[in-house]
Amino acid sequence: MLENYYRELVCFLNAKLGNRQVAEDVVHDAYVRVLERSSDTPIEQPRAFLYRTALNLVIDGHRRNALRQVEPLDVLDAEERFASSSPHTNHDHAQRLELLERALAELPPACRDSFLLRKLDGLTHLQIAERLCISRALVEKHIVNAMKHCRVRMREWEAH
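Within any chain, residue numbers begin from 1 and follow the written order of that chain's sequence. In view of the model being predicted, local features appear only for residues whose pLDDT reaches at least 70, and side-chain atom pairs are presented and counted only at 80 or more, with totals across whole chains, interfaces and linings using the full set of residues. Derived side-chain values reflect all non-hydrogen atoms in the structure, with water molecules and hydrogen atoms excluded from consideration.

In the nomenclature of an unreviewed UniProt entry, the chain corresponds to Sigma-70 family RNA polymerase sigma factor from the organism Pseudomonas pergaminensis. UniProt positions are given in the numbering used here, feature names are shortened, and annotations may be inferred rather than shown by experiment. Quoted straight from UniProt, the Sequence similarities (unreviewed entry) entry for the chain says "Belongs to the sigma-70 factor family. ECF subfamily."

Where do I start with the packing of aromatic side chains in this structure?
Pairs of aromatic rings are described using the distance from one ring centre to the other and the angle between the two planes. Planes of paired rings set the category: under 30 degrees apart is stacked, over 60 is edge-to-face and the rest tilted, where pairs are Phe, Tyr or Trp rings (Trp by its six-membered ring) whose centres lie within 6.5 Å. Inspection of the entire model under this criterion finds two aromatic pairs. With 5.4 Å between their ring centres and 50° between their planes, Y6 and Y31 make a pair best called tilted. Taken together, the residues span a long stretch of sequence, with Y6 in helix α1 (residues 6-17) and Y31 in helix α2 (residues 20-36) at a distance of 25 residues. Here the two residues Y6 and Y31 agree in accessibility, since each one is buried. Taking the centre distance of 5.1 Å and the plane angle of 55° together, the rings of F12 and Y51 count as tilted. Here F12 is found in helix α1, whereas its partner Y51 is found in helix α3 (residues 46-70), with 39 residues between them in sequence. Exposure remark for Y51: the relative accessible area of 12% places this residue in the buried category. Two conditions define a charge sitting above a ring: the NZ of Lys or the CZ of Arg must be within 6 Å of the ring centre, and it must be within 35 degrees of the ring normal. In this arrangement the basic side chain of R102 is found over the ring face of W157, its NZ or CZ atom lying 4.2 Å from the centre. Numbering of helices and strands runs from the N terminus; a helix is a DSSP stretch of H or I covering at least four residues, while a strand is a stretch of E covering at least two. Whether a residue is buried, partly exposed or exposed follows from its accessible area with a 1.4 Å probe, protein chains only, as a fraction of its type maximum: under 20%, in between, or over 50%, in that order.

Written out as structure tokens, the structure reads:
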């Protein structure tokens, strides 16, 4: 259901932000947020919820950027020091990464490749479409399906 709004939302944000790459990134993050939400309550108006989530991410991004410009360098250094994780956190992270790799391995090659080219290599949808010789719409569909599949599998495996 949510996939239907993907292109529309990218166009909307691209018009607002004037940068298609940033718009695609925000929409990806919005989809991930919506797909990973822990509530079992169904979303009554998915389109409105998705738009609100995306706009909140844009606003948060602007706030973060505005704050970053006035933060002294020692604050940033301290943040990095505190961000270093414990061995326990690293183990959890490694386990989640392993589960994610397993989930990705279950996907059809074009779906997995679209997702990885976007998330790991940072290619645009157009670049992925050209590289894989498929339509841009299919690239978008593959990426959304991959995110959905990974979310579902991760939840299943983490529940056991």
